[in-house]
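Examining the three-dimensional arrangement
So the chains spell out like this:
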Amino acid sequence: MTSSPRVYSRIVGTGSALPERLVDNATLAAELGARGVETSDDWIVARTGIRQRYIASPEESSSVLGTRAARMAIETAGLAPGDIDLIIVATSTPDFVFPSTACLVQRALGIVGGAAFDVQAVCSGFVYGLTVADAMIRTGSARHALVIGAETFSRILDWNDRGTCVLFGDGAGAVVLSASDRPGILAAKLHADGRHEAILRTAGNVSHGSITGHPFLTMDGQAVFKLAVGVLDEVARETVAAAGLTVADIDWLVPHQANVRILQATGRRLGLPAEKVIVTVDRHANTSAASVPLALDVAMRDGRIREGHRVMLQGVGGGFTWGAVLVQI
Ligand code: UT7
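Reference entry: report on the structure contained in this document. (Residues numbered from 1 in each chain as written. Predicted model: local features only at pLDDT ≥ 70, side-chain atom pairs only at ≥ 80, totals over all residues. Heavy atoms only, no water.)

**Let's talk about the site of the ligand**
Using the following cut-off: By convention in this text, a residue qualifies as near a molecule or strand provided that one of its non-hydrogen atoms is within 4 Å of it. Polar contacts, as counted here, are pairs of nitrogen or oxygen atoms within 3.5 Å of one another; within protein the pair requires one atom able to donate a hydrogen and one able to accept it, and residues that are adjacent in sequence qualify only if both atoms are side-chain atoms. Reported accessibility uses the Shrake-Rupley method at a 1.4 Å probe radius. Residues are deemed covered only where the shown protein chains occlude them. Counting from the N terminus, the helices are the DSSP runs of H or I reaching at least four residues and the strands are the DSSP runs of E reaching at least two. Gly falls in the polar group here, along with every residue not listed as nonpolar (Ala, Val, Leu, Ile, Met, Phe, Trp, Tyr, Cys, Pro) or charged (Asp, Glu, Lys, Arg).
Inspection of the region around the ligand gives 22 residues, with Thr39, Arg47, Gln222, Asn259 and Asn286 positioned closest. In the model, a nitrogen atom of the ligand is placed 2.7 Å from a nitrogen or oxygen of the Thr39 side chain. In the environment of the ligand, an oxygen atom lies 3.2 Å from a nitrogen or oxygen atom belonging to the side chain of Arg261. When the free accessible area of the ligand is taken as 960 Å², the share hidden by the protein chains comes to 73%. Examining the composition of the shell around the ligand, we find that four residues originate from one element, helix 7 (residues 221-242), more than from any other. Per-class residue counts for the shell around the ligand are 10 nonpolar, eight polar and four charged.

**Topic: the pattern of salt bridges**
We count it as follows: Here a salt bridge means any side-chain nitrogen of Lys or Arg lying within 4 Å of a carboxyl oxygen belonging to Asp or Glu. For each residue, the accessible area found with a 1.4 Å probe, counting protein chains only, is set against the maximum for its type, and the residue is called buried under 20%, exposed over 50%, and partly exposed in between.
Evaluated as defined, the whole model comprises nine salt bridges. Note that Arg138 and Asp134 form a salt bridge whose closest N and O atoms lie 3.1 Å from each other. Remark: Asp134 and Arg138 occur in helix 5 (residues 125-138); sequence separation between them is four residues, near one turn of the helix. Overall, Arg138 belongs to the partly exposed group, its relative accessible area being 41%. Classification of Asp134 as buried rests on a relative accessible area of 4%. Arg201 is the salt-bridge partner of Glu197, the closest N and O atoms lying 3.1 Å from each other. Residues joined in a network through salt bridges with shared partners are Asp233, Arg237 and Arg269.

**Description of helix 4 (residues 101-109)**
An α-helical segment advances 3.6 residues per turn. Residues three or four places apart therefore align on the same side. Basically, it comes down to this: Any two residues having at least one pair of non-hydrogen atoms within 4.5 Å are treated as being in contact.
Every buried residue belonging to helix 4 is among Thr101, Ala102, Leu104, Val105, Gln106 and Leu109, and all of these are buried. Of the surrounding elements, those touching the buried residues of helix 4 are helix 3 (62-76), strand 4 (86-90), strand 5 (115-119) and strand 6 (144-152).

**What about the sheet that holds strand 6?**
Defined as follows: By this definition, two strands are paired if DSSP reports at least two bridges between them. Axis definition: a line fitted to C-alpha atoms, limited for helices to the stretch in contact. Angles are taken between N-to-C directions and run from 0 to 180 degrees.
One open sheet accounts for five strands, arranged 1-7-6-4-5; its pairing is mixed. Each edge of the open sheet carries a strand with a single partner, namely strand 1 (8-17) and strand 5. This sheet shows a mean twist of 20° between the axes of neighbouring strands, independent of strand direction. When strand 1 meets strand 7 (residues 170-180), the two strands line up antiparallel, connected through nine bridges. Looking at strand 7, one finds that Thr14 is bridged to Val175.

Structural data, given as structure tokens:
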């Protein structure tokens, strides 16, 4: 009796998209100052490492940015849109309550059939989506999956709250994950702890034709900071162990890009040199679910991450959610 060959999933293409409008810290500080909100380039750089962010126009919705990133990922993979049989969009800023952003991307790409749905795990959304796609490929439910992180957080920011509005930006990143006989995703671990739901939330809703609650992002920054540093270290170790490897086997760390101090602390706790940590928060700010695929695309295109490298992707954010995926490129 012959056993059927084992199926793995591999990342075969990446892509990204940023809005046209770039806003550096000095410009943002001047705009906020004009409305009585005091901040400065110095404060933002010292506390977060952020130097600039991209802000979407009304036309640049999450589905529009996600579609652009997806096209690039499909092209890089050498595939055609018609090859895609699964679309997962990780977003907390969907175009609509429904239909899902994934269905809007599917239509824009001219794809019919196959599954398409959104995943809502805030800044951990991309690693959640990648984990689901990996499972669906390994069980034979899909062969070529698009996993997209697409966000327009500028639309849910309270521009009078200097504690949050300077931190976020808009953008999208995408990967194509395909079935393969060679391992790509080596291990994935996801977690959540809803007891901390109040420290990072947008507690608004649409009800009876009106907006109810508080439709702006609120955050207890220090509480999020402390939790993030602890769980990112833990989940990285848990994920390499699940793959039968050690931290020394990681070539690159691509953590959620929220604050350069969190990225540096995670690298230090894991004993990884700073050069192995991919940092894009300086140029993109925090793009929530888009941050990990955006950073991955940057480092693949500039040649740092190459075939054969082992890359630890990590998400952490509202929910409270966190997770990691160890992938061999
Ligand atoms: O994507 C989800 C994950 N999110 C995160 O990981 C965010 C995690 N948290 C953080 O990155 C940091 O906590 C922040 C960057 C949000 C804040 O940094 P912090 O060092 O914790 O500052 P803080 O909140 O303790 O504020 C320090 C001071 C305060 O003034 P006083 O009370 O000391 O006089 C704030 O009012 O800085 C003030 N401040 C600002 N000043 C200038 C807060 N925001 C600003 C600002 N510009 N934009």
